[in-house]
Amino acid sequence: MTFSRIAGTGSYLPEKILTNKDLEQMVDTTDEWIVTRTGIKQRHIAATDEFTSDLAYHASINAIASAKINPEDIDLIIVATTTPDLTFPSTACLLQEKLGINKCPAFDIQAVCSGFVYALTTADNFIKTGSAKCVLVVGADTMSRITDYTDRSNCILWGDGAGAVILQASIEPGMLSSHIHADGRHAKLLCVPSGVSKKDSKSTISMEGNAVFKMAVKTLDAIVDETLNANGMQKSDINWLVPHQANIRILQATAKKLHMDMDRVVVTVDKHGNTSAASIPLALDCAVRDGRINRGDNVLMEAFGGGFTWGSVLIRY
Ligand code: UT7
C-alpha cells in the first residue's frame, strides 16, 4: 500500500506588519480588547504589488528546499486560497509558471479557512491512488484585500501569508487519516457577499463573529473525537496540535478537549492573525523549523471556516 508523508515544509510572510496600535488609529478599538478577545498582537500585510501567487511562490521555494527536491520532481500543484490573484487562471497555474515547471497538473481549492485541510486530503488521495508521487500543497491568502478596515468587528482578525508542504509517496504513513465536512446552510454567517457571478455592493468580509465562534468550538470538539476514533487513539497519543489560527480562545477550547497543555499547541495567531488557508502550514513550518515537531510525532491539524467547512488531518510527521 502507498501512503503519503510530508517531506518538507516552507512558509512566507510579507514584510509589512500591522500592529494593534496601528489599528487603534484606524477604527474604534484597543490593543487590550484585541489581545483579550482574540490573542492577536500583529499581522502581516502584503505590499500593493505583492499577490497571493507571490506569497505562495516564496513558501513553495522554502518547502522545495526543505524536502531536498527539484521543482521538476513535482507532479501536481494544489493551492488552497480564497483570494486568488485573478478570476482565472488559477493561482496554482500562476505559481507553476513562477516555479518554471510546466508539465504537471495544477488547480486551486476553495474551502476558505479549511482550505489547507481540504487540499492536503485531496493530495493524499492522488498519492494513495497512484495518480501522483510528489505534490506541492500550498495554503496562501491575502485576506487584507477583502477586509473592510472601517469594520472593527472583524478587520482586527485578518492577515496575509502562505505556507507549503511537499507531500510524497511513501511506504510508511505519513498521513494517518483525514476528515472533511461542509454545511452550506450557514453560508451567510461568514461570507463575502459579492463575487464574479453575483454582484453586491459589499465585496469585503461579513461575519457574525459570535455565532461563528460558538459553532467553531462545538464543531472542532466533535472533529477531535472523530479523528481519534478513526485511528483507535487516545487523547494522550497526540503530541502536537497545529490548529487553524482563528482566535486564541478557540485554540484553548480544543486543547482543553484534548487534555493538552498549551505548550503542545502551536500558536502563531499572536504574530500572524488569521491568515485563512495559510495559517496551518505557516504554523506547521514554524514548529518544524524551531525543532518542536520532530519525525515520528503525531500531529493533529484542524480547521473551521466559511461555508461552513471544517476538517482535520492526523499525521505521523
Ligand atoms: O477563521 C474562520 C472562523 N472564524 C472565527 O472562528 C472567528 C470567530 N469569532 C471570533 O473570533 C470572535 O467572535 C470575535 C473576535 C470576532 C469577536 O469577539 P466576541 O467576544 O465574540 O465579541 P462580540 O462580537 O460578542 O462583541 C462584544 C463587544 C460588543 O460590544 P457590546 O455590544 O457588548 O457593547 C462589540 O461591539 O465588543 C465590541 N467589539 C469591539 N470592541 C472593541 C467588537 N469588535 C470590537 C473591537 N474593538 N475591534
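Residues numbered from 1 in each chain as written. Predicted model: local features only at pLDDT ≥ 70, side-chain atom pairs only at ≥ 80, totals over all residues. Heavy atoms only, no water.

Peer 1: Pulling in residues and values, what's your account of unusual backbone geometry?
Peer 2: At the junction of P173 and G174, the peptide bond is cis and its omega measures out at 10 degrees in the coordinates. Note on placement: G174 falls in the loop between β7 (160-170) and β8 (175-182). Looking along the chain, the bond that leaves G307 and enters F308 is cis, with omega of -5 degrees. Mapped onto the elements, F308 comes out in the loop between β12 (298-305) and β13 (309-316). With a phi angle near 55 degrees, K68 is a residue other than glycine that sits in the positive phi range. (Helix = DSSP H or I, 4+ residues; strand = E, 2+ residues; numbered from the N terminus.)

Peer 1: Tell me what's going on with the packing of aromatic side chains, and back it up with residues and numbers.
Peer 2: If you walk through the whole model with that rule in mind, you get three aromatic pairs. Their ring planes at 40 degrees and their centres at 6.2 Å tell us that F107 and F126 sit as a pair that is tilted. Separated by 19 residues along the polypeptide, F107 in strand β5 (residues 106-109) and F126 in helix α5 (residues 115-128) bring together distant segments of the chain. Cluster of aromatic residues (ring-pair linked, three or more members): F304, F308 and W310. The ring of W240 carries the charged tip of R264 above its face, separated from the ring centre by 4.2 Å. (Phe/Tyr/Trp six-rings, centres within 6.5 Å; stacked < 30°, edge-to-face > 60°. Lys NZ or Arg CZ within 6 Å of the ring centre and 35° of its normal.)

Peer 1: Help me get a handle on the site of the ligand, residues and values and all.
Peer 2: Taken together, 22 residues lie around the ligand, and T29, R37, N210, N247 and N274 are the ones closest in. Separating a nitrogen atom of the ligand from a backbone N or O atom of G209 is a distance of 3.1 Å. At a separation of 2.7 Å, an oxygen atom of the ligand approaches a polar side-chain atom of N210. Relative to its free-state accessible area of 960 Å², the ligand is covered by the protein chains to the extent of 73%. Here the shell around the ligand takes four residues from helix α6 (residues 209-231), the largest share from any one element. There are two domains that each give the shell around the ligand at least three residues, and those are domain 1 (3-170) and domain 2 (175-316). (Near = heavy atom within 4 Å. Polar contact = N/O pair within 3.5 Å; in protein donor to acceptor, adjacent residues only side chain to side chain. Areas by Shrake-Rupley, 256 points an atom, 1.4 Å probe, with all protein chains shown as cover. Domains from an automatic or database assignment.)

Peer 1: Explain the nonpolar core to me, and be specific about the residues and the numbers.
Peer 2: Generally speaking, soluble globular proteins have nonpolar side chains that are buried together. Among the nonpolar cores identified, the biggest contains 42 residues, and I238 and L258 are the most heavily contacted of them. Secondary-structure elements contributing two or more residues to this core are α6, α7 (248-257), β12 and β13. In terms of residue count, α6 provides more of this core than any other element does, seven residues in total. Built from parts of two domains, this core gets at least three residues from each of domain 1 (3-170) and domain 2 (175-316). For I238, the contacting residues outside a window of four places in its chain are L228, M233, L258, M260, N298, L300 and L314. Core analysis: the next-biggest nonpolar cluster, separate from the first, contains 35 residues, V135, L284, I293 and A303 among them. (Core = buried A, V, L, I, M, F, W, Y, C linked by side-chain atoms within 4.5 Å. Buried < 20%, exposed > 50% of the residue type's maximum accessible area, 1.4 Å probe, protein only. Contact = heavy atoms within 4.5 Å.)

Peer 1: Explain the domain arrangement of the protein chain residue by residue, including any values.
Peer 2: For the protein chain, the assigned domains read domain 1 (3-170) and domain 2 (175-316). Placing the centre of domain 1 and that of domain 2 at their C-alpha centroids yields a distance of 15 Å. On the domain 2 side, the residues contacting the 53 residues of domain 1 number 45 residues. The junction of domain 1 with domain 2 conceals about 3800 Å² of combined surface from both sides, 61% of it contributed by carbon and sulfur atoms. Its largest share of buried area at the contact with domain 2, domain 1 owes to C113, V117 and Y118, together 16% of the area lost on that side. Counting across the interface, domain 1 meets domain 2 through zero salt bridges. Taken together, the connections running from domain 1 to domain 2 amount to 23 residue pairs in polar contact (both at pLDDT 80 or more). It is strand β1 (residues 3-12) that contributes the most residues to the side of domain 1 that touches domain 2, eight residues altogether. Here the residues of the side of domain 1 that touches domain 2 are counted per class, giving 22 nonpolar, 22 polar and nine charged. (Buried area = accessible area lost by both parts, 1.4 Å probe. Salt bridge = Lys/Arg side-chain N within 4 Å of Asp/Glu carboxyl O. Nonpolar A, V, L, I, M, F, W, Y, C, P; charged D, E, K, R; others polar.)

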